[in-house]
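# Survey of secondary and tertiary structure
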Amino acid sequence: MISNFTGEVHRPGRIEVVCGSMFSGKTEELIRRMKRAKFAKQRVEIFKPAIDVRYSDNDVVSHDRHVIQSTPIDSSAQILLLSADIDVVGIDEAQFFDMGLVEVCNELANRGIRVIIAGLDMDFQGIPFGPMPALCAIADDVTKVHAICVKCGALAYVSHRLVENDKRVLLGETSEYEPLCRDCYQKAIADDQHHHGHQESD
């Protein structure tokens, strides 16, 4: 925070991305940073995609039930309309938003707003997810957080889907996904294909 000659406080805008697999603590980290900003008397607002109603319609809730109030929205353009008097904008589950989110975040940062984005960097097939790769590219700061591989205890690389469903957007809980390291993920994919092949030949 920099005071200029007229005594006004100038906050340099910036974009911070917190990314990783499911169960890696992305939302906890977003909530931690937002609560800290609130404690510093900054005006904060968190947005999440209206699609994400796993735990609550209007709150951002991490898997371990940390809660912070949020505004569900249908498109990234709404963020600009709703951020007029805000110092810090938080965006959760950013992978579900449209590609317009990249321009929106740049615009906010250029206005002097601190933007904190949390999202999955890859989908269940290990493919970079939605606007997340582009957001990482334009970010001032990227934090990659890791879950722990449930098979071997190494740092997880991706969220492996346990249920047979090819839809890219399948809101996840522990019964549908497991965090795996790269090695265990490769083995799991091979097992899935082997199992699938057997089923088709039955």
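Every chain is numbered on its own, with residues counted from 1 as its sequence reads. In keeping with the model being predicted, local features are shown solely for residues with a pLDDT of at least 70 and side-chain atom pairs are shown and tallied solely at 80 or more, while totals for entire chains, interfaces and linings include all residues. Heavy atoms throughout the structure, all of them, feed into the side-chain values; hydrogens and water do not.

### Focus: the packing of aromatic side chains
The geometry of an aromatic ring pair is captured by the separation of the ring centres together with the interplanar angle, meaning the angle of the planes. Under the convention used in this document: To pair, rings of Phe, Tyr and Trp, with the six-membered ring standing in for Trp, must have centres within 6.5 Å; the planes then decide the type, stacked if under 30 degrees apart, edge-to-face if over 60, and tilted in the middle. To qualify as a helix, a DSSP run of H or I must reach at least 4 residues; to qualify as a strand, a run of E must reach at least 2; elements of each kind are numbered from the N terminus. Only protein chains enter the area calculation, which uses a 1.4 Å probe; residues under 20% of their type maximum are buried, those over 50% are exposed, and those in between are partly exposed.
Per the counting criterion, the structure on display carries two aromatic pairs. Geometrically, the ring pair formed by Phe-96 and Phe-129 is edge-to-face, given 5.9 Å between the ring centres and 85° between the ring planes. Note that Phe-96 is positioned in the loop between strand E8 (88-91) and helix H3 (100-110) and Phe-129 in the loop between strand E9 (114-120) and helix H4 (132-138), a separation of 33 residues in sequence. Residue classification places Phe-129 among the buried positions, given a relative accessible area of 5%.

### A few points about the environment of Glu-107
Here Glu-107 lies in helix H3. For Glu-107, a relative accessible area of 35% puts it in the partly exposed group. Residues Glu-107 and Gly-13, spaced 94 residues apart in sequence, show a C-alpha to C-alpha distance of 9.5 Å.

### What to know about the environment of Ile-148
Put simply, the rule is: Contacts are residue-level and defined by heavy atoms, with any inter-residue pair within 4.5 Å sufficient.
The topology assignment puts Ile-148 in the loop between strand E10 (141-145) and strand E11 (158-161). Given the relative accessible area of 46%, Ile-148 is considered partly exposed. When the C-alpha atoms of Ile-148 and Phe-23 are compared, they prove to be 8.3 Å apart, with 125 residues separating the residues in sequence. Discounting chain neighbours no more than four positions away, the residues touching Ile-148 are Gly-153, Ala-154, Leu-155, Ala-156 and Pro-179.

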